[in-house]
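Spelled out from the first residue to the last, the chains are:
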Amino acid sequence: LPPTCLPAPKAADEGTPQAAGGQDGDGATSAAADGGTAGSGTGPDDTAGTARNDAPVAPPGDGAADDGDDRKMPAAEDGGPAPRPPPDAAGGGGRGPRPNPRYDSVRHAIVTNDGARANMIRLVGLKSLFSRQLPKMPKEYIARLVFDRRHKSLAILSADPSKRETDEEIIRGICYRAYPEMRFGEIAFCAVNASQQVKGYGTKLMNLLKMHAVGEGIEYFITYADNYAIGYFKKQGFTKSLQMHKSRYHGYIKDYDGGTVMECYIHPSIDYLRIPEVVAAQREFILQRIRHLSKSDKVKYPALPAGFADRHVSGRNRDVARALAIPGVIEAGWTHRDLLASTRRAKDADQRKSALRAELLAIVSKVSEQQFAWCFRDPVDTDEVADYLDVISDPIDLKTMERRIRRGDWYKSKQMLHVDMVRMVENCKTYNDRGNSYYDHAVSLEKFLPTIFPKRMTEG
């Protein structure tokens, strides 16, 4: 184990240096949830990437060394902010915890470098998990942050008894650092074992972290996300619109050009482990109000007569007139203007979709015409290249892109196609060594992309 694994001395640790910020690719440190690796192209629904940069030693009071920066949060009128207690497990005071089938069976633990044997084994497991799922991340950098005593990790543990007290016990994990006096935390790594992907564990992991953060008094989580991670973090409640004032994190987290800063507000009164129940209750309440105000469940109209669809309807907007002729539509409150507006929106959406499809097909065709693009036109033959899927977890090629475009429901914007193009380049550069002809073709494609995509997509 690295020297930082040694138990913390009894005296104050005044000389612990902050881990240097490793960088991945263009300057962003990557992390993946649900087993995805940012930059290697794991599925868009399960990928998460974060950029973890150099941070100065935390101010006095958070258990880290004092670097002389004595900034504190502005004191409240009652004397200053205090950590908030976590919400009642039942969502209300004094009722006691209720069973939660979604999380009661999930074994999890907060892991710190406190010198305890069990935690040392789990830290090694976390380091191994992050190293496997983030192959482009320097292993030394991962070890430095995971074993740093100012960082904590939330680990979800395997239920298999044979894996207990081994590094294989860790199947999911998130590593973060809290800044208590500033009431925010920075997420460094987030990953789920490849065998546990697409099972919703990325969401469970984040919700468990949020519940723990409430008890620590953390008000915001902040992270830097690359293009592969933004979608995941949005699903977990993160946003690009920062509400936290920059003065709270400036100097603790270094800004850089390789990623998008995102934050998530941690509401002290929300039980994040019961969000599906809360949403279901809200939905049922709305439906009850609709049933109270509407007659749709009380009045039954006769079935449409045979040949109704072929009946002649006069007027300019025949579809609207035919819809209004259906018994119950007018009684439900629909007007000619309402139906006309909805029809126009649908037509406009279809026109935009068709225009985007044509534009994306033209881009793929233009790339395919280039002399260096021959090796990207078809999927890699894994029968000939047997170990390709061991190295590349999410392959992509021009034929697959074209099929997705023609299907019409995959790419919602040019930026999504650009992400796949970049992933195709990174896959090729990852599998092939520098100097290899395939590697050179990937470099040529990388230089070509800025000529066919807007500058804002290719910068950074």
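Notes on the structure follow. Since the structure is predicted, the reported quantities are computational estimates derived from the model, not experimental observations.

1. Section: helix H8 (residues 336–368)
An α-helical segment advances 3.6 residues per turn. Residues three or four places apart therefore align on the same side. Between the first and last C-alpha of H8 there are 48 Å, a value that for 33 residues agrees with the 48 Å anticipated at 1.5 Å per step. Those residues of H8 that sit buried are Leu 339, Leu 340, Leu 356, Leu 360, Leu 361, Ile 363, Val 364 and Val 367. In this fold, the buried residues of H8 make contact with helix H7 (318–324), helix H10 (398–407), helix H11 (414–431) and helix H12 (437–448).

2. Overview of the sheet that holds strand E3 (residues 170–179)
Strand order in the open sheet formed by 6 strands is E1-E2-E3-E4-E5-E6, with mixed pairing between adjacent strands. Only two strands of the sheet have a single partner each, and these edge strands are strand E1 (107–111) and strand E6 (260–265). Looking at each pair of strands side by side, their axes are set apart by 25° on average, direction ignored. With 5 bridges connecting them, E1 and strand E2 (residues 151–157) associate as antiparallel partners. Paired with Ile 110 across the bridge in E2 is Leu 154. This element, helix H2 (residues 139–146), spans E2, E3 and strand E4 (184–192) of the sheet and lies at about 130° to E4. This element, helix H3 (residues 201–216), spans E1, E2, E3, E4, strand E5 (220–225) and E6 of the sheet and lies at about 35° to E3.

3. Quick look at the pattern of salt bridges
Per the counting criterion, the structure on display carries 18 salt bridges. Between Glu 277 and Arg 274 there is a salt bridge; the shortest N-O distance is 2.9 Å. Judged by its relative accessible area of 6%, Arg 274 is buried. A salt bridge links Lys 399 to Asp 378, with the nearest nitrogen and oxygen atoms 2.9 Å apart. Here Lys 399, found in helix H10, pairs with Asp 378, found in the loop between H8 and helix H9 (388–391); they are 21 residues apart in sequence, far enough to count as distant. The partly exposed category is assigned to Lys 399, whose relative accessible area is 44%. A relative accessible area of 42% means that Asp 378 is categorised as partly exposed. A network of salt bridges, in which partner residues are shared, links Asp 394, Arg 404, Asp 420 and Arg 423.

4. Details of unusual backbone geometry
Backbone geometry places Glu 165, a non-glycine residue, at a positive phi of 60°. Within the element layout of this structure, Glu 165 appears in the loop between E2 and E3. For Arg 183, which is not glycine, the phi dihedral falls at a positive 60°. With respect to the element layout, Arg 183 can be found in the loop between E3 and E4. Assessed through its relative accessible area of 19%, Arg 183 is described here as buried.

What counts, and at which threshold
Residues numbered from 1 in each chain as written. Predicted model: local features only at pLDDT ≥ 70, side-chain atom pairs only at ≥ 80, totals over all residues. Heavy atoms only, no water. Helix = DSSP H or I, 4+ residues; strand = E, 2+ residues; numbered from the N terminus. Expected span 1.5 Å × (residues − 1). Buried < 20%, exposed > 50% of the residue type's maximum accessible area, 1.4 Å probe, protein only. Contact = heavy atoms within 4.5 Å. Pairing = 2+ DSSP bridges. Axes fitted to C-alpha atoms, helices over the stretch in contact; angles between N-to-C directions. Salt bridge = Lys/Arg side-chain N within 4 Å of Asp/Glu carboxyl O.

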